Amino acid sequence: MAEITDGDYPSAAEFNKMPPIGTVTAWLKDFTNTPTLPTNWVECNGQLLSIDNYSYLYSVIGKAYGSSGTLSFGVPDLRPKDGNGDVISLTVGQVYNGK
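Residues numbered from 1 in each chain as written. Predicted model: local features only at pLDDT ≥ 70, side-chain atom pairs only at ≥ 80, totals over all residues. Heavy atoms only, no water.

A. Quick look at the packing of aromatic side chains. What the rule picks out here adds up to 1 aromatic pair. Seen in terms of ring centroids, Tyr58 and Phe73 are 5.2 Å apart; in terms of plane orientation they differ by 55°. Their pairing is tilted. With Tyr58 in helix α2 (residues 55–61) and Phe73 in strand β2 (residues 72–74), this pair connects stretches of sequence that are 15 residues apart. (Phe/Tyr/Trp six-rings, centres within 6.5 Å; stacked < 30°, edge-to-face > 60°. Helix = DSSP H or I, 4+ residues; strand = E, 2+ residues; numbered from the N terminus.)

Right, here's the structure in full:
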């Protein structure tokens, strides 16, 4: 795994205050006054990310969630899904009545 030094982003001091790389946490995204995701955090929505841009995350999860060859890797898709595997998109206060 790559070593974090003071010349990298985040700095070694910032890095030591952060949760471990690859940590999954809940984030209330669609609520009034919710801040945006912190810098260098990504949503677990199945997207492909550049290995060059997210090398530390890639060193932790590799291609466990898919890839497109040697340039990108996937993050898990933790969005809620219905029984057919379709993503459920609800707003705050909305109730899902599906099966």
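B. Expanded view of the pattern of salt bridges. Evaluated as defined, the whole model comprises 1 salt bridge. Ionic pairing is found between Asp77 and Arg79, a salt bridge with its closest N-O pair at 2.7 Å. For Arg79, a relative accessible area of 37% gives the class partly exposed. (Salt bridge = Lys/Arg side-chain N within 4 Å of Asp/Glu carboxyl O. Buried < 20%, exposed > 50% of the residue type's maximum accessible area, 1.4 Å probe, protein only.)

C. Just the confidence of the model for the protein chain, in detail. Predicted confidence across the protein chain gives a mean pLDDT of 78, with 73% of residues reaching 70 or more. Across the protein chain, β2 holds the top mean pLDDT of 95, while helix α1 (residues 12–17) sits lowest at 74. (pLDDT = per-residue confidence, 0-100.)

D. Focus on the side chain of Ser72. Along the chain, Ser72 falls in strand β2. Looking at Ser72, its side chain comes within polar contact range of the side chain of Ser68, at 2.2 Å. Excluding residues that lie within four positions of it along the chain, Ser72 makes contacts with Leu48, Leu49, Ser50, Ile51 and Ser67. (Polar contact = N/O pair within 3.5 Å; in protein donor to acceptor, adjacent residues only side chain to side chain. Contact = heavy atoms within 4.5 Å.)

E. Layout of the nonpolar core. Listed in full, the 5 residues of the largest apolar core are Leu49, Ile51, Leu57, Phe73 and Val75. Ignoring sequence-local partners within four residues, the contact set of Leu49 consists of Val42, Tyr54, Leu57, Leu71, Ser72, Phe73 and Val75. (Core = buried A, V, L, I, M, F, W, Y, C linked by side-chain atoms within 4.5 Å.)

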